[in-house]
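Chain by chain, the residues run as shown.
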Amino acid sequence: NQLKKLPPAIGDLTTLLKLNVEHNQLSQIPPQIGTLVHLRELWLNENSLSQLPPVIGLLLELRELRLNQNVLASLPAEICDLGELKQLRLSHNQLRALPPQMHRLTALTELTLIGNP
């Protein structure tokens, strides 16, 4: 796909449970994503994301976050506010460290970090 950005109006989809925008050319996620408070799955694999907005921490019902094959060099500390998160996939990025608060992800059952420096 060739999607280069998500419109700010994505934030109006407040009952959305799953958002799959894999295999695109997204370089950023709009801050309006933080209004999708019922979101349970967010699939962002194979894009060009270099960072995540801190509002990612507002997605308190999120259970699965897929970020494989982007260009993330760091993660916002707010990602550690996702107390329901079970799967966090971060393979093939540019990560050299994780936030020190990762121990707060007590529901996490799967963490993949393959192919990071």
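Above this text is the structure in question.
Model, not experiment: these values are computed from the prediction. (Residues numbered from 1 in each chain as written. Predicted model: local features only at pLDDT ≥ 70, side-chain atom pairs only at ≥ 80, totals over all residues. Heavy atoms only, no water.)

What about the overall build of the protein?
For the protein, the helix and strand inventory stands at zero helices and five strands. When its helices and strands are written in sequence order, the protein yields β-β-β-β-β. Computed over C-alpha atoms, the radius of gyration of the protein comes to 13 Å, within 12% of the 13 Å expected from 2.2 N^0.38 for 117 residues, which places it in the range of a compact globule. Across its three principal directions, the C-alpha atoms of the protein cover 35 × 30 × 20 Å. Per-residue burial for the protein yields a buried fraction of 44% across its 117 residues. Considering only residue pairs separated by 6 or more positions, the protein has 22% of its internal contacts joining residues 24 or more positions apart. In the protein, 10 side chains carry a positive charge and 10 a negative one; their mean positions are 3 Å apart. (Helix = DSSP H or I, 4+ residues; strand = E, 2+ residues; numbered from the N terminus. Rg over C-alpha atoms; globule rule 2.2 N^0.38 Å. Buried < 20%, exposed > 50% of the residue type's maximum accessible area, 1.4 Å probe, protein only. Contact = heavy atoms within 4.5 Å. Lys, Arg positive; Asp, Glu negative; His and termini not counted. Charge placed at Lys NZ, Arg CZ, Asp CG, Glu CD.)

Notes on the nonpolar core
Ranked by size, the top nonpolar core spans 29 residues in total, and within it L42, L44, L65 and I79 carry the most contacts. With sequence-adjacent residues up to four places away left out, L65 is seen in contact with L42, L44, I79, L85, Q87, L88 and R89. (Core = buried A, V, L, I, M, F, W, Y, C linked by side-chain atoms within 4.5 Å.)

A few points about unusual backbone geometry
Positive phi, normally seen in glycine, also occurs at H23, with a value near 60°. Positive phi, normally seen in glycine, also occurs at E46, with a value near 55°. When you line up the elements, E46 lands in the loop between β2 (41–43) and β3 (64–66). For E46, a relative accessible area of 32% corresponds to the partly exposed category.

Digging into the sheet that holds β2
Two modes of strand pairing occur in sheets, parallel and antiparallel, and in both the strands are linked by backbone hydrogen bonds. Reading across the sheet, the five strands line up as β1-β2-β3-β4-β5 and stay open at both edges, with parallel pairing between neighbours. Lying at the two open borders of the sheet, with one neighbouring strand each, are β1 (18–20) and β5 (110–112). For this sheet, the mean inter-axis angle between neighbouring strands, taken without regard to orientation, is 5°. Taken together, the three bridges between β3 and strand β4 (residues 87–89) define a ladder with parallel strand orientation. Across the sheet, R66 pairs through a bridge with R89, a residue of β4. (Pairing = 2+ DSSP bridges. Axes fitted to C-alpha atoms, helices over the stretch in contact; angles between N-to-C directions.)

Side note on the pattern of salt bridges
In this structure the tally under the stated criterion is six salt bridges. The partner of R104 in a salt bridge is D81, and the shortest N-O contact between them spans 2.2 Å. Of this pair, R104 sits in the loop between β4 and β5 while D81 is found in the loop between β3 and β4, placing the two residues 23 residues apart along the sequence. We classify R104 as partly exposed; its relative accessible area is 37%. Across the pair E110 and R89 runs a salt bridge whose closest N-O atoms are separated by 3.0 Å. Taken together, the residues span a long stretch of sequence, with E110 in strand β5 and R89 in strand β4 at a distance of 21 residues. Under the relative-accessibility criterion, E110 is labelled partly exposed at 24%. Classification of R89 by relative accessible area gives buried; the value is 18%. (Salt bridge = Lys/Arg side-chain N within 4 Å of Asp/Glu carboxyl O.)

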